[in-house]
Amino acid sequence: MTITSPTKVPGSVLPPRTAHRAPKRPSRFKPGAGQQHKGGPFAYIALTVVGIGSLLPLYWTLVAASHTQDEVLASTPPFLPGGRLFHNLEAAWTQAHLGKAIVNSFIVAGCITLATLFFCTLAGYAFAKMRFRGRGALMTAVIATLTIPPQLSVVPLFMMMSDLGWSGSLESVIFPTLVSAFGVFFMRQYLIEALPYELIEAAKIDGASNFRIVRSVVLPVARPAMMVLGMLTFVQAWNDFFWPYLALNQQNPTLQVALGLLKASYTPDESIVMAGALISTLPLLAVFVIFGKQIVGGIMSGAVKG
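(A) Representation of the layout of surface pockets within the structure. If you add up the space inside the largest pocket, you get close to 1000 Å³. Along the walls of the largest pocket sit 31 residues, with Pro 150, Pro 176, Thr 177, Val 179 and Gln 236 positioned nearest its centre. Of all the secondary structure elements, the ones that give two or more residues to the lining of the largest pocket are helix H4 (98–129), helix H6 (154–163), helix H8 (181–194), helix H10 (210–239) and helix H11 (242–247). With five residues, the single largest contributor to the lining of the largest pocket is H10.

Right under this line is the structure:
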């Protein structure tokens, strides 16, 4: 018995072979997700109202700093800047010794920010991608510290700084805040999504040490989140008043402590106090103008993960 292969009949067309295709995976996103939508009139009105409301306190600080105290406290306060701005700025600078206070604030905020970024990034990477015993319990303990009011630790912390001989020095403000539980949690959540295990395994196969992996793999991936965390930490350290007021003295204050002493006089001049507040705000505005693009990019980078 012979088996003959089918012959092609002239003029006939054989049906083409079709490869088996896997069923298409349904997308998690709705049609049009990730696309930019054109805002309507209501969106522009809402953004305008929010923008004006955000700038109004800064504008009032400028107006109050450029008038006399009688004009600021009048029944009908002024709504336009006056001509005493530079006079009040000079008075605030001289009376509160703001030059030394600004230098101290930059030292404190800068050291706290750099240390927080370094330690929180390392801890966040360890909690996100490293396997070790007790990882979940330690992370729970870190998060639990966020529920403890900072006022409860004031007395033991003050006694500890006194025993170390740091009372009245900047070390007493810097060292207790070198690491933050929020920073560890923030970096952990970001690195869980942004840093794939395959990238770490590839670096280990190439013979990279843990330090090399952190320097060449983790830090470039974590840079957007570090920019956001750095900005939040710097602003918080710059505006901190409670603990520096207790730990420092009048001869070595930070900027917020100096402004508090300016306000604590028997008859404070509100216009001069507002001038000092304006001086304390300008460095933050400068930092945001310089690093604003990177900060917004980091926020948006974290927003599209998932």
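That covers the picture; the talk isn't over yet.
(B) Focus on the environment of Leu 259. As for its position among the elements, Leu 259 is in helix H12 (residues 255–263). We classify Leu 259 as buried; its relative accessible area is 12%. Counting along the chain gives 13 residues from Leu 259 to Ile 272, while the straight-line C-alpha distance between them is 9.9 Å. Leu 259 has contacts with Leu 98, Gly 276, Ala 277 and Ser 280, leaving out every residue within four places of it along the chain.

(C) Representation of the nonpolar core. In this structure, Leu 98, Trp 238 and Trp 243 are the most contacted members of the largest nonpolar core, which totals 36 residues. Listing elements by their share of this core, those giving two or more residues are helix H3 (85–95), H4, H6, helix H7 (171–174), H10, H11, H12 and helix H13 (270–303). No other element matches the seven residues that H13 contributes to this core. What Leu 98 contacts, discounting residues up to four positions off in sequence, is Ala 92, Trp 93, Leu 255, Ala 258, Leu 259, Gly 276 and Ile 279. In this structure, Cys 120, Tyr 125, Tyr 190 and Leu 195 belong to the second largest nonpolar core, which totals 22 residues.

So, how was this worked out
Residues numbered from 1 in each chain as written. Predicted model: local features only at pLDDT ≥ 70, side-chain atom pairs only at ≥ 80, totals over all residues. Heavy atoms only, no water. 1 Å grid on protein atoms, 1.4 Å probe; cavity = no way out; pocket = protein on both sides within 12 Å on 5 of 7 lines; lining within 4 Å. Points joined across faces, edges and corners; volume = space filled by probe spheres on them. Helix = DSSP H or I, 4+ residues; strand = E, 2+ residues; numbered from the N terminus. Buried < 20%, exposed > 50% of the residue type's maximum accessible area, 1.4 Å probe, protein only. Contact = heavy atoms within 4.5 Å. Core = buried A, V, L, I, M, F, W, Y, C linked by side-chain atoms within 4.5 Å.

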